[in-house]
Structure formats: C-alpha cells, structure tokens
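Here's the letter readout for the chains.
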Amino acid sequence: SLKYGVFEADRNGIMTNLYNTASGLKSDDIKNIFIDNYSNLWLATGNGISVINRSIPLSFYTEEVGLEGNVQCIAQFKNRTFAGTSVGLYWQNGDRHEFERIELEHQVFDLKVVNDHLLIGTNNGLFLYDGERFEQLQAFKSESIFVDTINQTLVISGGDGIGVLDIISNYS
C-alpha cells in the first residue's frame, strides 16, 4: 500500500503478516514488490529498498550503500537486483549489499523482465538491456510497462499518453 506497508495473506486470503514502520520498515510507502529466487520479499519504498527474509530480520538499502534518490521499482535480472530511482538505474554489486549506479542516468519508473531482456521505463523513453548493452526502443515517457503476453505487445503509459509496441516476439 502507499500508506500502510505490506499485508501478507495465506492462500485463503487471511492476513498472516503486516510489515510496516512499526515492525521495522523505514517507510510505509510501498512503490513496488517482487519475490526473488530465494523467496525473499523485496520492497521499493519511499526512501530505499527493504528485503524481508523470513529467516532473518529485515534488510534496508539506502544512501548508505550507494542507492540514491527515491526508489520507484525493483527487479531481478540475470542474478542481479536492479533498482530504478529518481536519479537513475542501480544494480547490486555482486554478493555485497552495496548498489552502484550504472550507465542509464534517467529517472526510472518501471522495470520488467521479458524474454531474457530487462525493459526500463524512464522519463526519456523505453530502454532495453540485454545484460551487456542498453538500447533505446522509443523516446515516449514510460512511467508504466504492461506486458500483454496474449497479443505479444507492450503497453506503455506515461505523461504523453499510452503507447503500444509490438516487440515482444522480436526479443525471444
């Protein structure tokens, strides 16, 4: 939620946990969530990244570990954790808990993994990262990326409206 943290529910919809500032989160403003390969719950919050690991206490990633700006989104791609912030794109530096800003220095709003590529929605357009290089797909302000697997398209929304790209099949 944007004000109350994260509610965790069981398969029957019964709330089992509430993660918020009272339980250790640095912010109740949750922007994005994903679960990594180890079942850790990663939260993009209003002032950093929190990781909920059920076997250890929460981990916080903020400016102290190199993560600058307001975290908007997070994703795991090619065994790395990426964070999109108001000042650029960051990745977790190996097994260490530090983040470093990488080549793309635009405000990042959304990250999606599609067909072994990372799609990056920014204020300067939509970018594709294959693990080695960045390619700008279009200059349309891309605040949200929706992957339509039925029609093999991407629906992009932003300050300039909504765009539809027929590219998913090109990157399989």
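Source: prediction; values computed, not measured.

Asks: Can you lay out the pattern of salt bridges for me, pointing to particular residues and giving the numbers?
Replies: Once their charged atoms are close, side chains differing in charge can pair, the charge on each being opposite to the other. Going through the model one piece at a time under the given rule, you end up with five salt bridges. The partner of K31 in a salt bridge is D29, with the nearest N and O atoms 3.3 Å apart. In this structure, the salt-bridge partner of K78 is D116, at a minimum N-O distance of 3.2 Å. Of this pair, K78 sits in the loop between β7 (71-77) and β8 (80-85) while D116 sits in the loop between β11 (108-114) and β12 (117-122), placing them 38 residues apart in sequence. Residue classification places K78 among the partly exposed residues on the basis of a relative accessible area of 44%.

Asks: Residue-level account of the environment of L104, with values.
Replies: Relative to the helices and strands, L104 resides in the loop between β10 (99-101) and β11. The class of L104 is buried, set by a relative accessible area of 5%. Taking the C-alpha atoms as reference, L104 lies 20 Å from S157; in sequence the two are 53 residues apart. Discounting residues that sit within four places of it in the chain, L104 has contacts with G88, L89, I120, T122, F127 and F134.

Asks: Could you give an account of unusual backbone geometry, with specific residues and numbers?
Replies: What you tend to see is this: most non-glycine residues have negative phi, and most peptide bonds are trans. Of note, the phi angle at S39 is positive, near 65°, even though the residue is not glycine. Tracing the backbone shows S39 in the loop between β3 (30-35) and β4 (41-45). With relative accessibility at 48%, the residue S39 sits in the partly exposed group. Phi is positive for Q152, close to 55°, though the residue is something other than glycine. Residue placement: Q152 occurs in the loop between β15 (144-148) and β16 (153-158).

Asks: Tell me about the pairing of strand β1 (residues 6-9), residues and numbers included.
Replies: Of the two faces of β1, only the one carrying V6 and E8 is buried; F7 and A9 on the other face are not. Note that β1 and strand β2 (residues 15-19) share four bridges and pair antiparallel. Counted as the bridge partner of V6 is Y19 from β2. Connecting β1 to the next strand, β2, in antiparallel fashion are five residues, including G13 with a positive phi near 85°.

What counts as what
Residues numbered from 1 in each chain as written. Predicted model: local features only at pLDDT ≥ 70, side-chain atom pairs only at ≥ 80, totals over all residues. Heavy atoms only, no water. Salt bridge = Lys/Arg side-chain N within 4 Å of Asp/Glu carboxyl O. Helix = DSSP H or I, 4+ residues; strand = E, 2+ residues; numbered from the N terminus. Buried < 20%, exposed > 50% of the residue type's maximum accessible area, 1.4 Å probe, protein only. Contact = heavy atoms within 4.5 Å. Pairing = 2+ DSSP bridges.

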